[in-house]
Amino acid sequence: EAGVAQSPRYKIIEKRQSVAFWCNPISGHATLYWYQQILGQGPKLLIQFQNNGVVDDSQLPKDRFSAERLKGVDSTLKIQPAKLEDSAVYLCASSLGGRVTDTQYFGPGTRLTVL
Amino acid sequence: DAKTTQPNSMESNEEEPVHLPCNHSTISGTDYIHWYRQLPSQGPEYVIHGLTSNVNNRMASLAIAEDRKSSTLILHRATLRDAAVYYCILMGGGYQKVTFGIGTKLQVIP
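Being a predicted model, the structure only gives us computed values, none of them experimental. (Residues numbered from 1 in each chain as written. Chains lettered and ligands numbered in written order. Predicted model: local features only at pLDDT ≥ 70, side-chain atom pairs only at ≥ 80, totals over all residues. Heavy atoms only, no water.)

Colleague: It is not clear to me how the sheet that holds strand β7 (residues 65–68) of chain A should be interpreted in this structure. Could you clarify?
Modeller: Paired through backbone hydrogen bonds, the strands of a sheet run either parallel or antiparallel to each other. Residue and element names in this part refer to chain A. Pairing is antiparallel across the open sheet formed by four strands, whose spatial order is β1-β3-β8-β7. For this open sheet the edge positions go to β1 (5–7) and β7, each flanked by a neighbour on one side alone. Recorded for the sheet is a direction-independent mean angle of 15° between the axes of neighbouring strands. Both β7 and strand β8 (residues 75–79) contribute to a ladder of four bridges, which runs antiparallel. (Pairing = 2+ DSSP bridges. Helix = DSSP H or I, 4+ residues; strand = E, 2+ residues; numbered from the N terminus. Axes fitted to C-alpha atoms, helices over the stretch in contact; angles between N-to-C directions.)

Below, the structure written as structure tokens:
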């Protein structure tokens, strides 16, 4: 079974530029998550989708971050404009139904460096 | 959200058992206790979860205190591949509401 796919794996941009990350979850998984992991910290949930609807985006900096999940499958996370403090690994995860007993499967992440 | 407290780091000798503690004194009756681990340069991976009873799987065992205010992840025989950051997370409220802490960095000594 294919895992969660993310691209690109690495991205270097200058501050005030825009960047987009892509995630393809495990087939059949209704729930998709985007996390931000700053070096030395645990992952922080940015947004959670159930199919193509948003369940939780309380920690998403909406002035610069946006995310969409068209057709309830793939998802993109965008940052516009980027700041130095956005340097982090962006992790995508998916689970079957988002229930408390469901396992989350994580992708390898995209490492973003903002100069 | 209910919070968890874990030691920042622990060491273990290879092939010896490891007990990773987690305190969650404000756990609610419907919160599940999940453990994930993150190997270097990888995304987190699921280890085990439980509600009230102790749980075993091929990776580890989870011992849950009777009052559910603490739990212990047990790796029966640590290998070098078990060196990772281990996160204890509470999930409840129907849909998953996930808050990762800093976790415990486990170092396995050959």
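Further notes follow.
Colleague: Is there a simple way to think about the packing of aromatic side chains in this case?
Modeller: For any pair of aromatic rings, the description rests on two quantities: the centre-to-centre distance and the angle between the ring planes. All names here are of chain A. Evaluated as defined, the whole model comprises 10 aromatic pairs over all chains. Considering the side-chain rings of Y35 and F106, the 5.4 Å spacing of their centres and the 40° angle between planes classify their relative orientation as tilted. Placement of Y35 in strand β4 (residues 31–37) and of F106 in strand β10 (residues 105–106) is noted, with a sequence separation of 71 residues between them. With relative accessibility at 12%, the residue F106 sits in the buried group. (Phe/Tyr/Trp six-rings, centres within 6.5 Å; stacked < 30°, edge-to-face > 60°. Buried < 20%, exposed > 50% of the residue type's maximum accessible area, 1.4 Å probe, protein only.)

Colleague: Just to check I follow, could you spell out the pairing of β8(A) for this structure?
Modeller: Two faces belong to every sheet, and in a regular strand the side chains alternate between them. Residue and element names in this part refer to chain A. Here β8 shows a buried face lined by S75, L77 and I79 and an unburied face lined by T76 and K78. Examined bridge by bridge, strand β3 (residues 19–24) and β8 share five bridges and lie antiparallel to one another. Bridging across to β8, F21 finds its partner in L77. What sits between β7 and β8 in their antiparallel hairpin is a turn of six residues, with K71 showing a positive phi close to 60°.

Colleague: Got a minute to help me understand the environment of F106(A) in this structure?
Modeller: Residues F106(A) and Q6(A), 100 residues apart in the sequence, show an inter-C-alpha distance of 9.6 Å. The contact partners of F106(A), leaving out residues within four places of it in the chain, are V4(A), Y35(A), L91(A), C92(A), A93(A), Y36(B), G43(B), P44(B) and F100(B). (Contact = heavy atoms within 4.5 Å.)

Colleague: Just to check I follow, could you spell out the state of the cysteines for this structure?
Modeller: Any covalent bond linking the sulfur atoms of two cysteines counts as a disulfide. Summed over all chains, the structure comprises two disulfides over all chains. One disulfide in the model links C23(A) with C92(A); its S-S distance is 1.9 Å. Around the S-S axis, the bridge from C23(A) to C92(A) shows a dihedral of about -70° and counts as left-handed. Here C92(A) lies in strand β9 (residues 88–95) and C23(A) lies in strand β3, a separation of 69 residues in the sequence. Accessibility expressed as a relative area gives 0% for C92(A), which makes it buried. With a sulfur-sulfur separation of 2.1 Å, C22(B) is cross-linked through a disulfide to C88(B). Classification of the bridge connecting C22(B) and C88(B) rests on its S-S torsion, roughly -85°, and on that basis the disulfide is left-handed. Taken together, the positions of C22(B) in strand β2 (residues 18–23) and C88(B) in strand β8 (residues 84–91) put the pair 66 residues apart, joining distant regions of the chain. For the residue pair C22(B) and C88(B), the accessibility class agrees, reading buried in each case. (Disulfide = S-S within 2.5 Å.)

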